[in-house]
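Descriptive structure summary
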Amino acid sequence: MGQTLSEPVTSKESAFCQNEFYRVGSSCMQGWRFNMEDSHTHILSLPDDPGTSFFGVFDGHGGANVAEYAGKNLHKFIIKRPEYQTDIAEAMKKGFLDIDVAMLNEESLKEQMAGSTAVACLIKDKRLYCANAGDSRAIASINSKLEILSNDHKPNNDGELKRICAGGGWVEFNRVNGNLALSRALGDFVFKRNTDKLAEEQIVTAYPDVEIRDITDEWEFIVLACDGIWDVLTNQEVIDFVRLQISQGLYIEEICENLMTRCLSPDCQMGGLGGDNMTVIIVCFLHGRPYEDLVERCKKQVEKMKLDTKVSTQFNSFLIKGWNNEDVTTTPLANDLTATTTTTTPTTTTTSTDESQTEPSSPTSSSSTSTSSATSSPTDDNTPDEETPGNEEIDLK
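What counts, and at which threshold
Residues numbered from 1 in each chain as written. Predicted model: local features only at pLDDT ≥ 70, side-chain atom pairs only at ≥ 80, totals over all residues. Heavy atoms only, no water. Axes fitted to C-alpha atoms, helices over the stretch in contact; angles between N-to-C directions. Helix = DSSP H or I, 4+ residues; strand = E, 2+ residues; numbered from the N terminus. Parallel < 35°, antiparallel > 145°, perpendicular 65-115°, else oblique. Left-handed = near helix turned anticlockwise from the far one by under 90°. Contact = heavy atoms within 4.5 Å. Nonpolar A, V, L, I, M, F, W, Y, C, P; charged D, E, K, R; others polar. Buried < 20%, exposed > 50% of the residue type's maximum accessible area, 1.4 Å probe, protein only. Pairing = 2+ DSSP bridges. Core = buried A, V, L, I, M, F, W, Y, C linked by side-chain atoms within 4.5 Å. Expected span 1.5 Å × (residues − 1). Phe/Tyr/Trp six-rings, centres within 6.5 Å; stacked < 30°, edge-to-face > 60°. Lys NZ or Arg CZ within 6 Å of the ring centre and 35° of its normal.

Some remarks on the packing of helix H6 (residues 235-247) against helix H7 (residues 252-263)
- Following both chains from N to C, one finds H6 and H7 inclined at 135°, their axes separated by 10 Å at the closest point. Taken together, H6 and H7 sit at an angle that is classed as oblique. Pair H6 / H7 crosses with right-handed handedness. Taken together, the residues of H7 that come into contact with H6 (itself represented by Val238, Phe241, Val242, Gln245 and Ile246) are Ile252, Ile255, Asn258, Leu259 and Arg262.
- Here the residues of the contact of H6 with H7 are counted per class, giving 7 nonpolar, 2 polar and 1 charged.

As for the packing of helix H1 (residues 65-79) against helix H2 (residues 88-104)
- Orientation of H1 relative to H2, taken along the N-to-C sense of each, is 135°, at an axis distance of 9 Å. On the basis of the axis angle, H1 is oblique to H2. H1 and H2 meet at a crossing whose hand is right-handed. Taken together, the residues of H2 that come into contact with H1 (itself represented by Val66, Tyr69, Ala70, Asn73, Leu74, Phe77 and Ile78) are Ala91, Met92, Gly95, Phe96, Asp98, Ile99, Ala102 and Met103.
- Considered class by class, the residues forming the contact of H1 with H2 number 12 nonpolar, 2 polar and 1 charged.

A closer look at the pairing of strand E8 (residues 137-142)
- Burial within E8 is extensive, with 6 of its 6 residues counted as buried.
- Going residue by residue along E8, you find Arg137, Ile139 and Ser141 tucked away on one face and Ala138, Ala140 and Ile142 tucked away on the opposite face as well.
- Bridge analysis of E8 against strand E14 (residues 219-225) gives 6 bridges, and the strand direction is antiparallel. Residue pairing for E14: alanine 140 is matched across the bridge by isoleucine 222.
- Pairing geometry for E8 and strand E9 (residues 145-148), over 4 bridges, is antiparallel. Bridging across to E9, alanine 140 finds its partner in glutamate 147.
- Hairpin geometry of E8 and E9 is characterised by an intervening segment of 2 residues between the two adjacent antiparallel strands and by a positive phi of about 55° at asparagine 143.

Comments concerning unusual backbone geometry
- Its identity is not glycine, yet phenylalanine 173 carries a phi of approximately 55°, on the positive side.
- Structurally, phenylalanine 173 can be placed in the loop between strand E10 (171-172) and strand E11 (175-176).
- The phi dihedral of histidine 287 is positive, around 55°, even though this residue is not glycine.
- With respect to the element layout, histidine 287 can be found in the loop between strand E15 (278-285) and helix H8 (291-323).

Some points on the nonpolar core
- Residues Leu74, Ile78, Met92, Phe96, Leu122 and Leu186 are the most contacted members of the largest nonpolar core, which totals 33 residues.
- If you list the elements that add at least two residues to this core, you get strand E4 (53-61), H1, H2, strand E6 (118-124) and strand E7 (127-133).
- The biggest single contributor to this core is H2, with 9 residues.
- For leucine 122, the residues in contact, after removing those within four places along its chain, are Thr52, Ser53, Phe54, Ile78, Tyr84, Ile88, Met92, Arg127, Leu128 and Tyr129.
- Judged by nonpolar contacts, the second largest core, of 31 residues, contains Ile252, Cys256, Leu286 and Leu294.

So, H7
- Helix length check: H7 (12 residues) gives 17 Å between terminal C-alpha atoms against 16 Å at 1.5 Å per residue, within 8%.
- Most of H7 sits out of view: 10 of its 12 residues are buried.

Notes on the packing of aromatic side chains
- Enumeration over the complete set of coordinates arrives at 4 aromatic pairs.
- Ring geometry for phenylalanine 21 versus tyrosine 22: centroids 6.3 Å apart, planes at 55°, classification tilted.
- Phenylalanine 21 sits in the partly exposed class, given a relative accessible area of 44%.
- The class of tyrosine 22 is buried, set by a relative accessible area of 9%.
- Ring centres of tyrosine 22 and phenylalanine 285 lie 5.7 Å apart, and the angle between their planes is 70°; this geometry places the pair in the edge-to-face category. Residue tyrosine 22 is found in strand E2 (residues 22-33), and its partner phenylalanine 285 is found in strand E15; the two are separated by 263 residues along the sequence.
- Taking the relative accessible area as the measure of exposure, phenylalanine 285 reaches 4% and is therefore buried.
- Following the ring pairs from residue to residue traces out a cluster consisting of Phe21, Tyr22, Phe55, Trp219 and Phe285.
- A cation over an aromatic ring shows up here: arginine 23 above the ring of tyrosine 291, its NZ or CZ 5.3 Å from the ring centre.
- In this structure, lysine 80 is placed above the aromatic ring of phenylalanine 77, and the distance from its NZ or CZ to the ring centre is 4.4 Å.

Right, dumping it as structure tokens:
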């Protein structure tokens, strides 16, 4: 997992923005790593396509430059593709490749060993397009159910392994050429030098997969995050964590902070788990209603889950008592005769764990756009940054 500090840097840079359709929170934390190499962006209304929203998380490695460049510019490359007017999914695929070429032609970037994952969601006309290259991830909660919006690109996946080997590479210890733990990324140009192969056929490619979903009133929130989160918690655990915290009325940026704190390793002795840089964006769907409506909706879902768990626990307890011969039912029969029924079966136990709860903090000021990268100064731990309203304000880590 790379070199680590003796103590983690737990200060967090947090922000939020909101309009009638979305309430968005974000936060990032350096953690145990020597440097912060992540970047992220959230834009409620794109300057060149008003009403279209864009959210992205970029997990850098080997340096922060590629992630920073992508965080500031990826949406621009997508929008200026000619396919954007008729085929947004194709425009996103070509936009990923275009920004990779642009960085290759940048003197400050082309010779570096740096690279970055990229997971980006573009929402236009109630349709969501999620493009992903690497092992950052996006998921959604729809009517309290988990919806997966991206798939990780790992070297040992069958399709990835075939492309790597066909491009002249190999996989060792689940790493490309024994080095890179993911098989698609922006940058990493040392793996993109096969002149006989197209850009999407290289050992490591920036070519993304794109998932398309229609947004309905049942959509509650989406979570975009780097692998520092997903290495520790499952998709369902993240959805449950966020829903529980929304039901408490917490601000979205604070939930992002709490999620990172939950995933942070206490001593960095867990085989790398919880020791990475962490970045989270949570996008809540308001559907033209107040955030408090979503809070009440999540509260009802949490109460239902608790009730279902309680009923299940009571039922299991009833079965356990019966299986342990603790319950004996006597039924009176004719002529004062009785019959005793006993059932014996192996014992089963049920364990339930409650998430800790955090009291809400004061809200931060809203803005329409925020892009954060590795160069900005962190704020105090658990204290969201205030943002100045504007259409495209840039927050650098």
